[in-house]
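# A look at the structure
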Amino acid sequence: MANLKEIRNRITSVQSTMQITSAMKMVSAAKLKKAQDAITAMRPYAEKLTELLQSVSATLDGDAGGQYTSQREVNKVLIVAVTSNRGLCGAFNTNVIKQVKVVADAYAGKQVDVFAIGKKGNDVLRKSYNVIANRSDVFDSLTFENVAEVANLLTDKFVAGEYDKIEIVYNQFKNAATQLVMTEQFLPLAPIQSENASAGDYIFEPSKEEIVLTLIPKSLKTQLYKSVRDSFAAEHGARMTAMHKATDNATDLRNQLKLTYNKARQAAITGEILEIVGGAEALNG
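The sections below set out a description of the structure shown in this document. (Residues numbered from 1 in each chain as written. Predicted model: local features only at pLDDT ≥ 70, side-chain atom pairs only at ≥ 80, totals over all residues. Heavy atoms only, no water.)

### Things to note about the packing of aromatic side chains
- Scanning the model with the defined rule gives two aromatic pairs in all.
- The interplanar angle of 20° and the centroid separation of 6.2 Å between the aromatic rings of F139 and F232 together place this pair among those described as stacked. Separated by 93 residues along the polypeptide, F139 in the loop between β3 (130–134) and α4 (144–159) and F232 in helix α5 (residues 208–284) bring together distant segments of the chain.
- F232 gets classed as buried once you look at its relative accessible area, which sits at 19%.
- On the numbers, 5.5 Å between centres and 85° between planes, the contact of F144 with Y225 is edge-to-face. (Phe/Tyr/Trp six-rings, centres within 6.5 Å; stacked < 30°, edge-to-face > 60°. Helix = DSSP H or I, 4+ residues; strand = E, 2+ residues; numbered from the N terminus. Buried < 20%, exposed > 50% of the residue type's maximum accessible area, 1.4 Å probe, protein only.)

### A word on the side chain of E167
- You can see E167 is positioned in strand β4 (residues 165–175).
- Sequence-distant contacts of E167, that is, excluding residues within four places in its chain, are made with L78, I79, V80, V103, Y107, T183, E184, Q185 and F186. (Contact = heavy atoms within 4.5 Å.)

### Some points on α4
- Here α4 is 16 residues long and its end C-alpha atoms lie 22 Å apart, about the 22 Å a rise of 1.5 Å per residue gives.
- One or two steps after α4, the chain reaches G161, where phi turns positive at roughly 85°. (Expected span 1.5 Å × (residues − 1).)

This is the structure:
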């Protein structure tokens, strides 16, 4: 059994860890509220924009989307991996990295590159894949303008023919304890179909074709921004949950160490008493 000083040192160390994990939990909880409000407010807009695009384009021919809907033979694939810049958030980053490998394996024999958004994904994926860029700076100032810049870069690569398909892998925020790993096709746009869509008795100004071609770039920027926002909220939810569990585990360990310390101290006291009693009997004898 470890001596009393070693146990006291371990108890002090565990208590220090508890303070750190508890503080990180509270920080993530505060940031989660703001991030959750942002993604909750944005989802209806993103969904309505998609619905509007589908409604208008459903009345047009299949080439309405122009260069954004160009279906080419898939030989070059780009996977956009959205992770975090920091760790200590459970399996948050690991789940995305695993899904990226699953998607890449599905295109075996093809050229598969990775575009990283987040330092953790970049550090791991660059060991196995060709990471063409890392935009971890997006999280330094998470605004629509900064993400739109990345969306424009991805769109330009597709239009220029550098890639035949672009997919996004990220964690979707469900609640503080649950994140869903999602894989979404970014480009080319899937054929737009809507059973309930009809031309209606409307006068379009400008033309429907111009409206669709204006909405598509905005829709792509919104889709990427929603994915990054989802990931940002999911990250803080995952970190808050991980730090909560870490604090609970540290509390249990501290209690076990205190029990061990008390037992060891009691054993030491009992031993000293026995030595005193034995010494006294020896003197009397």
